[in-house]
Amino acid sequence: MNHFILDGNYKAILSALQLDATEILRRAGLPEDTLNHKTITMTEAGYYRFLEAIGDALGKEAPLLQLASKEQIETFSPPIFASWCSKDGEACIERLSAYKKLIGPMSWRVTKDKEQLTVTMEAGSPELELPSILVQSDFAFLIGMLRRASKTDMHPLKLQVKHLPASHALSDLAGIPIQQGEENAISFRLAELHKPFVSFNPAMWSYFEPEMNKRLAELTVDDSMSARVRSALASMLPGGAYGIEEVAEKLGISKRTLQRKLSEEKTTFQKQLSSTRETLAIHYICHTDMSNLDISFLLGYAELNSFLRAFVIWTGKSVSQYRHDHNKEN
């Protein structure tokens with residue numbers, strides 16, 4: 001199953017909402033290391049569960065809507081900032097629609113006539129339903145961004161959702177009642193969208209466009225289980241609890257699933273453990289002044305000699321010889 005690269009600082013957003021990231025990931029049935037990766041990836045279904053877990057934890061939509069429409073939300077990610085630099089609201093929405101999938105696994109369908117423009121939110125997979133909290137926060141974000149960038153009190157013409165929210169927060173923000181319908185859609189007057197943005201910056205757009213097009217072409221990735229195991233091991237080794245059961249639990253999957261996925265990648269847990277230890281050992285030797293005993297402890301060895309023997313197997317050299325050769329070369 002494809003994993004989608006997600007943009008934005010989700011840890012910062014959860015912190016601003018005073019939510020515990022690990023607990024939210026657990027509620028969503030996602031590995032607790034998900035937000036620790038340099039590149040954050042989730043399946044579409046996983047992303048929706050993640051947002052639903054946030055909504056459940058909040059108990060009401062207002063805090064997230066306030067965050068979605070607050071000042072400086074445009075710094076959340078490059079696609080949003082690039083849209084903030086548009087000449088007007090119509091161009092902003094067109095850019096957001098084009099690069100929406102860089103923010104998450106969903107899309108904006110834009111339609112317009114002579115009088116109005118409508119944005120319809122759609123899930124990436126037709127069999128999946130967009131979480132209510134995602135729809136509300138997206139619409140709140142768009143309204144807030146258009147108002148700040150145009151320095152006007154812009155109000156949508158129409159706001160329609162599949163599932164009416166219990167909270168009135170979005171309706172209060174929009175200034176109009178929410179209607180229930182077959183689609184999640186928001187409409188604006190084209191004349192209002194054509195009001196110039198005070199944030200217009202064509203030079204910044206020329207900077208962002210090539211990179212975003214490149215990222216759009218590389219949107220889906222297959223998340224390597226081997227890489228996730230090595231990442232988990234790197235943080236778990238010093239604590240001494242780094243067996244396959246502990247790693248599987250940290251990644252939010254069963255031991256059997258972990259073994260199967262590693263087998264599909266033609267490797268084993270033991271090979272990944274050995275590889276992680278070798279990589280870390282060489283890093284410590286080349287970049288620190290730690291003693292052999294300290295290194296063996298950080299690698300999870302119960303005794304020094306076990307580490308020393310393993311290092312010879314990995315590199316064909318003793319630790320002292322490896323350190324000497326490295327220092328001589330540098």
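To start, this report covers the structure provided alongside it. Values in this document were obtained by computation on a predicted structure and should not be read as measured data. (Residues numbered from 1 in each chain as written. Predicted model: local features only at pLDDT ≥ 70, side-chain atom pairs only at ≥ 80, totals over all residues. Heavy atoms only, no water.)

### Comments concerning the overall build of the protein chain
Worth spelling out the cut-off: Going along the chain from the N terminus, every DSSP run of H or I of four or more residues is numbered as a helix, and every run of E of two or more is numbered as a strand. Throughout this description, buried means an accessible area under 20% of the type-specific maximum (1.4 Å probe, protein chains only), exposed means over 50%, and partly exposed covers the range between. Per-residue and other accessible areas were derived by the Shrake-Rupley procedure at a 1.4 Å probe size, with only the shown protein chains allowed to occlude residues.
The secondary structure content of the protein chain amounts to 17 helices and 8 strands. Taken over 330 residues, the protein chain has a buried fraction of 48%. Put simply, the protein chain shows about 16600 Å² of open surface, and 50% of that area lies on carbon and sulfur atoms.

### Brief notes about the side chain of Asp33
Selection criterion: When charges are counted, neither His nor the chain ends are considered; positive counts come from Lys and Arg and negative counts from Asp and Glu. By salt bridge we mean one thing: a side-chain nitrogen of Lys or Arg within 4 Å of a carboxyl oxygen of Asp or Glu. Note on contacts: a residue pair is in contact if any heavy atoms of the two residues lie within 4.5 Å.
Its place among the elements puts Asp33 in the loop between helix H2 (21–27) and strand S2 (40–42). For the buried residue Asp33, which engages in no salt bridge, the nearest side chain bearing the opposite charge is Arg228, 4.1 Å off. Ignoring anything within four residues of it in the chain, the contact list for Asp33 reads Arg228, Lys250 and Leu251.

### Comments concerning the side chain of Ser167
Note that Ser167 resides in the loop between strand S5 (158–161) and helix H8 (169–174). With relative accessibility at 18%, the residue Ser167 sits in the buried group.

### Focus: the packing of helix H11 (residues 225–236) against helix H12 (residues 244–251)
In plain terms, the rule: Interaxial angle, 0 to 180 degrees, is taken between N-to-C directions of lines fitted to C-alpha atoms, where a helix line uses only the stretch in contact. Should an angle fall under 35 degrees it is called roughly parallel, over 145 degrees roughly antiparallel, and 65 to 115 degrees roughly perpendicular, with every other angle called oblique. Under the scheme applied here, ten amino acids are nonpolar (Ala, Val, Leu, Ile, Met, Phe, Trp, Tyr, Cys and Pro), four are charged (Asp, Glu, Lys and Arg), and all others, including Gly, are polar.
Close contact between H11 and H12 brings their axes to 10 Å; oriented N to C, the two are set at 110°. Considering the angle they form, H11 stands roughly perpendicular to H12. Packed against H11, whose contacting residues are Met225, Arg228, Val229, Ala232, Leu233, Ser235 and Met236, the element H12 presents Glu246, Val247, Lys250 and Leu251 at the interface. When the residues that make up the contact of H11 with H12 are grouped by side-chain class, the tally is 7 nonpolar, 1 polar and 3 charged.

### Section: the packing of aromatic side chains
So the rule is basically this: Any two of the Phe, Tyr and Trp rings considered here, Trp counted by its six-membered ring, make a pair once their centres fall within 6.5 Å; the pair's planes then place it as stacked at under 30 degrees, edge-to-face at over 60, or tilted in between. Counted as over-ring charges are cases with an Arg CZ or a Lys NZ within 6 Å of the ring centre that also lie within 35 degrees of the ring normal.
Considering all chains together, one arrives at 7 aromatic pairs under this definition. With centroids separated by 6.4 Å and ring planes inclined at 85°, the aromatic side chains of Tyr10 and Tyr47 adopt a geometry described as edge-to-face. Of this pair, Tyr10 sits in helix H1 (residues 10–16) while Tyr47 sits in helix H3 (residues 44–58), and the two are 37 residues apart along the sequence. Accessibility classification places Tyr10 together with Tyr47 in one group, the buried group. Through successive ring pairs, a cluster of aromatic residues spans Tyr301, Phe307, Phe311, Trp314 and Tyr322. The cationic tip of Arg277 hangs over the ring face of Tyr301; the distance from NZ or CZ to the ring centre is 3.9 Å.

### Notes on empty space enclosed by the protein
This is how the line gets drawn: With a 1 Å grid laid over protein atoms only, a set of points is called a cavity when a 1.4 Å probe fits there but cannot get out and a pocket when it is open yet has protein on both sides within 12 Å along at least five of seven lines; lining residues have an atom within 4 Å of a point. Grid points are joined across faces, edges and corners, and a volume is the space filled by probe spheres set on the points.
One pass over the structure, following the stated rule, counts 2 cavities of 30 Å³ or more. By volume, the second largest cavity amounts to about 50 Å³. Around the second largest cavity, the lining residues are Leu130, Ser132, Val135, Gln136, Val161, His163 and Asn184. The leading source of residues in the lining of the second largest cavity is helix H7 (residues 132–150), at 3 residues. Among the residues making up the lining of the second largest cavity, the classes are represented as 3 nonpolar, 4 polar and no charged.

### Notes on the packing of helix H14 (residues 269–287) against helix H17 (residues 319–329)
This is how it is decided: Handedness of a crossing follows from how the near helix is turned relative to the far one, being left-handed for an anticlockwise turn of less than a right angle and right-handed for a clockwise one.
Across the interface, H14 lies against H17 with an axial gap of 10 Å and an inter-helix angle of 55°. The orientation of H14 relative to H17 falls into the category oblique. H14 and H17 meet at a crossing whose hand is right-handed. Judged by residue contacts, Ile282, Ile285 and Cys286 of H14 engage Val319, Tyr322, Arg323 and His326 from H17. Split by residue class, the contact of H14 with H17 holds 5 nonpolar, 1 polar and 1 charged.

### Some words on unusual backbone geometry
For Lys151, which is not glycine, the phi torsion reads 55° and is therefore positive. As for its placement among the helices and strands, Lys151 is situated in the loop between H7 and S5.

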